[in-house]
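# Commentary on secondary and tertiary structure
For reference, the chains in residue letters:
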Amino acid sequence: MSVRATARIVATREGLPVLASDGPLAVRRTRATAPAPGPGRDPGHRVTVVGAMSAPLGGDRLAVEVRVRDGARLTVDAAAATIALPGRIAAGADTAEPAHYDVRLAVEEDAELHWLPEQLVSAAGSDLRMRTTVELAATARLVLRDEQILGRHGEEPGTLLTRLTVRRAGRPLLDQELRHGPGAPGGWDGGAVLGGHRAVGQLLLAGPEFEEKPARTQLLGDTAVLTPLAGPGVLVTAVAADALALRRVLDEALNLTAYR
């Protein structure tokens, strides 16, 4: 039996007027431990997403909706990795239905969101379609981390399709799609893409600071690169042998930008 569930978070300067969830998604107010803000800045609120049951399975439809109101500051993280698992195959069908996971983020004027989930693990036999859509106001700031682990230890990955779309002041800032595993276009694991690595991630930073002082393209070690966007932001893309190495690269990139 498939599951449909949505978690909703609304943050204002004063608090968290909306903090609602059901099914396998539970959201909890936690202690604010976001990266130290600059002088005089409010550390803001922190919410942790807790998995209340195994999900997403094939056929599940999950969603997280976050809105950060004018002038608010919010960090959303997770208690553990998300594992995409195979679902049941219905009678008469050859394969299970894919699971869908939609993340919708909106950050209003002078507001800031740190979206820092744990890794998404694509287990063998799973099929997940994940879509992240971000709407930023002109003066909004964003830190978004996305990490994908292709297969658990010693296994092949499932089918994973992810798309990240970011608009700032109504105009496109970034729109990209990744496909991995069975059914992905040929070469996804070749030397020009992953090169045999099983962890892939990206770190997106956007905000007015990048209009005043645009970043420069630079290599971050042998398997990561920082690239300025055609707008006020930068994208760090990295591959690594495992989740630990990937997180280390992305953390170093965040420290390098001194984005607080």
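A few points on the structure. (Residues numbered from 1 in each chain as written. Predicted model: local features only at pLDDT ≥ 70, side-chain atom pairs only at ≥ 80, totals over all residues. Heavy atoms only, no water.)

Moving on, we get to the overall build of the chain. A count of helices and strands for the chain gives 2 helices and 18 strands. Taken over 260 residues, the chain has a buried fraction of 47%. Just so you have it, the chain exposes about 12,600 Å², and 51% of that area is on carbon and sulfur atoms. (Helix = DSSP H or I, 4+ residues; strand = E, 2+ residues; numbered from the N terminus. Buried < 20%, exposed > 50% of the residue type's maximum accessible area, 1.4 Å probe, protein only. Areas by Shrake-Rupley, 256 points an atom, 1.4 Å probe, with all protein chains shown as cover.)

Taken in spatial order, the 7 strands line up as E2-E1-E5-E8-E11-E13-E14 in an open sheet, and their pairing is mixed. The sheet is open, and its two edges are formed by strand E2 (18–20) and strand E14 (171–180), each paired on a single side. The average angle at which neighbouring strand axes cross in this sheet is 10°, direction not considered. Pairing geometry for strand E13 (residues 159–168) and E14, over 9 bridges, is antiparallel. Counted as the bridge partner of Leu 160 is His 180 from E14. (Pairing = 2+ DSSP bridges. Axes fitted to C-alpha atoms, helices over the stretch in contact; angles between N-to-C directions.)

This part takes up helix H2 (residues 243–257). Its 15 residues give H2 an end-to-end C-alpha distance of 21 Å, which sits within 8% of 21 Å, the value for a rise of 1.5 Å per residue. Within the span of H2, buried status applies to Leu 246, Arg 247, Val 249, Leu 250, Ala 253 and Leu 254. The buried residues of H2 occupy one face: seen down the axis, they fall within an arc of 160°. In the core, the buried residues of H2 are packed alongside strand E12 (141–150), strand E15 (199–206), strand E17 (224–228) and strand E18 (233–240). N-cap assignment for H2: the residue whose side-chain oxygen lies 3.3 Å from the backbone N of Leu 244 is Asp 242. (Expected span 1.5 Å × (residues − 1). Arc of directions from axis to C-beta. Contact = heavy atoms within 4.5 Å. Polar contact = N/O pair within 3.5 Å; in protein donor to acceptor, adjacent residues only side chain to side chain.)

Moving on: the environment of Trp 188. With respect to the element layout, Trp 188 can be found in the loop between E14 and E15. Residue classification places Trp 188 among the buried positions, given a relative accessible area of 17%. As for Trp 188 and Leu 178, which are separated by 10 residues in sequence, their C-alpha atoms are 9.1 Å apart.

As a rule of thumb, soluble globular proteins bury nonpolar side chains together. Val 66, Leu 74, Leu 113 and Trp 115 are the most contacted members of the largest nonpolar core, which totals 49 residues. Discounting chain neighbours no more than four positions away, the residues touching Val 66 are Ile 9, Leu 74, Arg 104, Leu 105, Ala 106, Leu 113 and Trp 115. (Core = buried A, V, L, I, M, F, W, Y, C linked by side-chain atoms within 4.5 Å.)

Let us look at the environment of Leu 203. One can find Leu 203 in strand E15. Measuring from C-alpha to C-alpha, the distance between Leu 203 and Glu 147 comes to 8.7 Å, with 56 residues separating the pair along the chain. Residues in contact with Leu 203, not counting those within four places in the same chain, are Val 143, Leu 144, Arg 145, Val 234, Leu 235, Val 236, Leu 250, Ala 253 and Leu 254.

Burial of strand E1 (residues 4–11) is extensive: 6 of the 8 residues sit out of reach of the surface. Sheet topology places E1 next to strand E5 (residues 61–68); 8 bridges connect them, and they run parallel. Each bridged residue has a counterpart across the sheet, and for Ala 11 the counterpart in E5 is Val 68. Linking E1 back to E2 in an antiparallel pair, the connection comprises 6 residues.

Even without being glycine, Asp 110 reaches a positive phi, approximately 60°. Inspection of the secondary structure assignment puts Asp 110 in the loop between strand E8 (99–107) and strand E9 (112–116). Since its relative accessible area comes to 55%, Asp 110 is described here as exposed. Residues other than glycine seldom take positive phi values, yet Ala 169 does so here, at roughly 50°. Mapped onto the elements of the fold, Ala 169 is located in the loop between E13 and E14.

With respect to the element layout, His 180 can be found in strand E14. Judged by its relative accessible area of 4%, His 180 is buried. When sequence neighbours within four positions are dropped, the list of residues in contact with His 180 reads Gln 148, Leu 150, Gly 158, Thr 159, Leu 160, Trp 188, Leu 194 and Val 200.

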